[in-house]
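Residue-level structure breakdown
So the chains spell out like this:
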Amino acid sequence: QPAIEAVLLDVRRHGVRGILVDDLQFADEASVEMLRTILGGEREIDLRWGFAQRPGEPTGATQALRDTLEDAFGLSTVALAPLDVGQMAALVDSLGLPDLDGGAIAERLVRHTGGNPMFALETLKHALVDGGTDARLPRPTSVGALIERRLRQLSAPAIALARVAAVAGVDFSIEMAEHVLKTPAVALADAWNELESAQVLKGAAFAHDLVFEATLRSLPEAIATHTHGSIAEWLERAE
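Since the model is a prediction, treat every value here as computed from it, not as a measurement.

1. Thoughts on helix H6 (residues 117-129)
Over its 13 residues, H6 runs 18 Å from end to end, which matches the ideal 18 Å to within 8%, given 1.5 Å per residue. Within H6 the residues assigned to the buried category are Phe119, Ala120, Glu122, Thr123, Leu124 and Ala127. Buried residues belonging to H6 abut helix H4 (85-94), helix H5 (102-113), helix H7 (141-152) and helix H11 (209-217). Looking one or two places after H6, you find Gly131, whose phi comes out positive at around 120°.

Here is the structure:
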């Protein structure tokens, strides 16, 4: 810690005004605690700080850091929205790749990735390696692993709700979730909010194709078959 504080003092003397810490979700507790200590006593360093963290992946340590920053420093939170179709088209065109038209593929990419630029770039990379983007867009292994890790961090009620939604597909609804999970809607509120915060659900639908497919893969076949039976029973009654 003293070595890092000395570096911060030195870069401040050389004109650096701010420090941005990216991927905070990967920091261990000791590193986050060190950050809290440095920030608590860094008045003489006089730097502006920014922290970037993926939504839906907080840890106890990063939440404690956020609470400290909000209480002591007036933390300003900026939530980055996903790219819309126009922005996705601009991103694709900015790559300058031959035979890749942003306007032609942007809508498919947004539906496939939820407008996440990293997911989109990984998808394009794999699609071009496999021979082009005319066929079904691929599921990049790296993106799948990231989504699966996010799903593992969900609470048991949230992942159960997400799995029902995955099996039900376009037929999913709050009323169906009540029937299959045998839980009143008001008791599903926290799980639903958790799924939206983690960018798994957007309203009553999945945020994008990749997270839908990852959720469906996380369900054992026998359980999926049983859940499908409960859903079919509810749909028959609803008619």
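2. Topic: empty space enclosed by the protein
Overall, the coordinates contain 1 cavity of 30 Å³ or more when judged by the stated rule. In this structure, the largest cavity is lined by Arg139, Pro140, Val143, Gly144, Ile147, Leu210, Glu213 and Arg217. Of all elements in the fold, only H7 and H11 reach the threshold of two or more residues within the lining of the largest cavity. Looking at the lining of the largest cavity residue by residue, the class counts come to 4 nonpolar, 1 polar and 3 charged.

3. Some thoughts on the packing of aromatic side chains
Two descriptors summarise a pair of aromatic rings, namely the distance from one centre to the other and the angle between the planes of the rings. By the definition in use, this model includes 3 aromatic pairs. An angle of 25° between the planes, with centres 5.7 Å apart, marks the rings of Phe172 and Trp192 as stacked. Placement of the pair is Phe172 in the loop between helix H8 (156-168) and helix H9 (174-181) and Trp192 in helix H10 (residues 189-197), with a sequence separation of 20 residues. The burial state of Phe172 is the same as that of Trp192; both residues are buried. Consider the rings of Phe206 and Phe212, whose centres lie 5.5 Å apart with planes at 65°: the pair is edge-to-face. In this structure Phe212 comes out as partly exposed when scored by relative accessible area, which is 27%.

4. Quick word on the layout of surface pockets
The volume enclosed by the second largest pocket comes to roughly 200 Å³. What lines the second largest pocket is Ala165, Gly169, Val170, Phe172, Ala204, Ala205, Phe206, His208, Asp209 and Phe212. Broken down by secondary-structure element, the contributors of at least two residues to the lining of the second largest pocket are strand S4 (205-206) and H11. Taken together, the residues that form the lining of the second largest pocket break down as 7 nonpolar, 2 polar and 1 charged.

5. What to know about the confidence of the model for the protein chain
The pLDDT averaged across the protein chain works out to 87; a share of 95% of its residues lies at or above 70. At the level of individual helices and strands, the protein chain shows its lowest average pLDDT in helix H3 (residues 60-73), which scores 79, and its highest in H4, which scores 96.

6. What about the environment of Leu128?
For Leu128, the position within the fold is in helix H6. Judged by relative accessible area, Leu128 falls into the partly exposed class, the value being 40%. For the pair Leu128 and Pro138, spaced 10 residues apart in sequence, the C-alpha separation works out to 9.8 Å.

Thresholds applied
Residues numbered from 1 in each chain as written. Predicted model: local features only at pLDDT ≥ 70, side-chain atom pairs only at ≥ 80, totals over all residues. Heavy atoms only, no water. Helix = DSSP H or I, 4+ residues; strand = E, 2+ residues; numbered from the N terminus. Expected span 1.5 Å × (residues − 1). Buried < 20%, exposed > 50% of the residue type's maximum accessible area, 1.4 Å probe, protein only. Contact = heavy atoms within 4.5 Å. 1 Å grid on protein atoms, 1.4 Å probe; cavity = no way out; pocket = protein on both sides within 12 Å on 5 of 7 lines; lining within 4 Å. Points joined across faces, edges and corners; volume = space filled by probe spheres on them. Nonpolar A, V, L, I, M, F, W, Y, C, P; charged D, E, K, R; others polar. Phe/Tyr/Trp six-rings, centres within 6.5 Å; stacked < 30°, edge-to-face > 60°. pLDDT = per-residue confidence, 0-100.

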